Structure formats: C-alpha cells, structure tokens
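# Notes for the structure review
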Amino acid sequence: TFPPLAADLPAGAGWLRRGARLLGGAASPLFLLSLFYGQATDAIANQAELARRRYASDPRYAAYEQRTPLVVPTIASLGRLFGR
C-alpha cells in the first residue's frame, strides 16, 4: 500500500509525508469505487450481460435489476430499504 511507502521520505519532509499519506489514503477508496463501477457497467468484464442472458426469462431478475443501483445507493433505493 502507499502509506508505508510514504514513511520512507526524508526526515525534514513532515508535511510531504502527511500529504503523501493523505493522497494514498484518498486514492484507495476511489480506486475501489472505479473498479466496482467498471465491473457493474461491463467495462471490465461482461458479468452483467452473462447474468441477463442466464436469467432473461425470470421476471424477478428483471425487477431486481431495475430497482438495484449499480454501486452507490440512490435515495429511492434507500427509501425502499428502510420502507419509506
């Protein structure tokens, strides 16, 4: 991971070390979000298309796909989750 690599910076670079750790810590969730979004939108692999082909005849899957957000929950999906 990046933060341990930032620990090897020179002794007088405290602000640089903190900035590098902050940047590394912020980049990790953004990378995972982009990875999950790429997987959900078939940019990385065609998993969604394979699932559509496999469950195309099941109306419950079509309803699930329609109401489930890709990565980040929407206000509507949170409302359904909490029964509002």
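Our subject is the structure listed above.
Residue indices follow the written sequence of each chain, beginning from 1 at its first position. A pLDDT threshold of at least 70 governs which residues receive local features in this predicted model, and a stricter bar of 80 or more applies before side-chain atom pairs are shown or counted, although totals over entire chains, interfaces and linings include all residues. The basis for every side-chain value is the complete set of non-hydrogen atoms in the structure, without hydrogens or water.

### Here's the deal with the overall build of the protein chain
Stated formally: Segments assigned H or I by DSSP are reported as helices when at least four residues long, segments assigned E as strands when at least two residues long, and all are numbered from the N terminus. Buried, partly exposed and exposed residues are distinguished by accessible area as a fraction of the type maximum, computed with a 1.4 Å probe on protein chains only: under 20%, between the cut-offs, and over 50%, respectively. Any two residues whose heavy atoms approach within 4.5 Å are treated as being in contact. For accessible areas, the Shrake-Rupley method is used with a probe of radius 1.4 Å. Any residue's cover is judged against the shown protein chains and nothing else.
Across its full length, the protein chain holds five helices and zero strands. Mapped in sequence order, the helices and strands of the protein chain form the string α-α-α-α-α. Counting all 84 residues of the protein chain, 12% fall into the buried class. For the protein chain, the share of sequence-separated contacts (at least 6 apart) that also reach a separation of at least 24 residues comes to 21%. Within the structure as shown, the protein chain displays about 6800 Å² of accessible surface, and the carbon and sulfur contribution to it stands at 66%.

### Brief notes about the pattern of salt bridges
Where we set the bar: Salt bridges, as used here, are contacts in which a Lys or Arg side-chain nitrogen is within 4 Å of a carboxyl oxygen on Asp or Glu.
Counted by the stated rule, this structure contains four salt bridges. With a closest N to O distance of 3.3 Å, Arg 52 and Glu 49 form a salt bridge. Of this pair, Arg 52 and Glu 49 are both found in helix 3 (residues 47–54), three residues apart, which corresponds to roughly one turn of the helix. Overall, the relative accessible area of 30% leaves Glu 49 in the partly exposed class. One salt-bridge network, held together by shared partners, links Glu 49, Arg 52, Arg 53 and Glu 65.

### Observations regarding the packing of aromatic side chains
Applicable threshold: Pairing of aromatic side chains requires ring centres within 6.5 Å, counting the rings of Phe and Tyr and the six-membered ring of Trp. Pairs whose planes differ by under 30 degrees are stacked, by over 60 edge-to-face, and all others tilted.
Enumeration over the complete set of coordinates arrives at two aromatic pairs. Centroid distance Tyr 55 to Tyr 61: 5.4 Å. Interplanar angle 40°. Geometry classified as tilted. Given a relative accessible area of 18%, Tyr 61 falls into the buried group. Between Tyr 61 and Tyr 64, the ring centres sit 6.0 Å apart and the planes meet at 40°, which makes this aromatic pair tilted.

Nothing here speaks to function; it is geometry throughout.
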